[in-house]
Amino acid sequence: MSRLFKITALVPSQSRIRTQRELQNTYFTKLVPYENWFREQQRIQKAGGKIIKVELATGKQGANTGLA
């Protein structure tokens, strides 16, 4: 069983709505395997995002994300 991090992050969305100023932030929560955590962290930060919460999730992927 692999260790999973459940991360909640905030990333500015790339869609341009009317003006450049209306940058919308997108919240997302996803399960990331321990091995991919560093890469995922880099990706979020490169996109100008912020990581809000990191939890240790156990179990199978998709099991505790509300996806049946």
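Residues numbered from 1 in each chain as written. Predicted model: local features only at pLDDT ≥ 70, side-chain atom pairs only at ≥ 80, totals over all residues. Heavy atoms only, no water.

Draft legend 1. How the structure looks around the side chain of E40. Its location among the elements puts E40 in helix α1 (residues 37–46). E40 gets classed as buried once you look at its relative accessible area, which sits at 11%. A distance of 2.6 Å separates the side chain of E40 from the side chain of R43, its partner in a polar contact. In this structure E40 touches I7, K30 and V32, once residues within four positions along its chain are discounted. (Helix = DSSP H or I, 4+ residues; strand = E, 2+ residues; numbered from the N terminus. Buried < 20%, exposed > 50% of the residue type's maximum accessible area, 1.4 Å probe, protein only. Polar contact = N/O pair within 3.5 Å; in protein donor to acceptor, adjacent residues only side chain to side chain. Contact = heavy atoms within 4.5 Å.)

Draft legend 2. Region of the structure containing the sheet that holds strand β2 (residues 25–33). The strand order β2-β1-β3 describes an open sheet built from 3 strands, whose pairing is antiparallel. Taken across any chain shown, the strands that pair with only one partner, and hence form the sheet edges, are β2 and β3 (50–57). Strand-to-strand twist of the sheet, defined as the mean angle between neighbouring strand axes without regard to direction, takes the value 20 degrees. In this structure, strand β1 (residues 4–12) lies alongside β2, joined through 9 bridges in antiparallel fashion. Paired with L4 across the strands is P33, a residue of β2. (Pairing = 2+ DSSP bridges. Axes fitted to C-alpha atoms, helices over the stretch in contact; angles between N-to-C directions.)

Draft legend 3. Highlighting the side chain of T8. Along the chain, T8 turns up in strand β1. Its relative accessible area of 16% is what places T8 among the buried residues. In this structure the side chain of T8 is engaged in a polar contact, spanning 3.5 Å, whose partner is the side chain of T29. Leave out the neighbours within four places in its chain, and T8 touches F28, T29, I51, I52 and K53.

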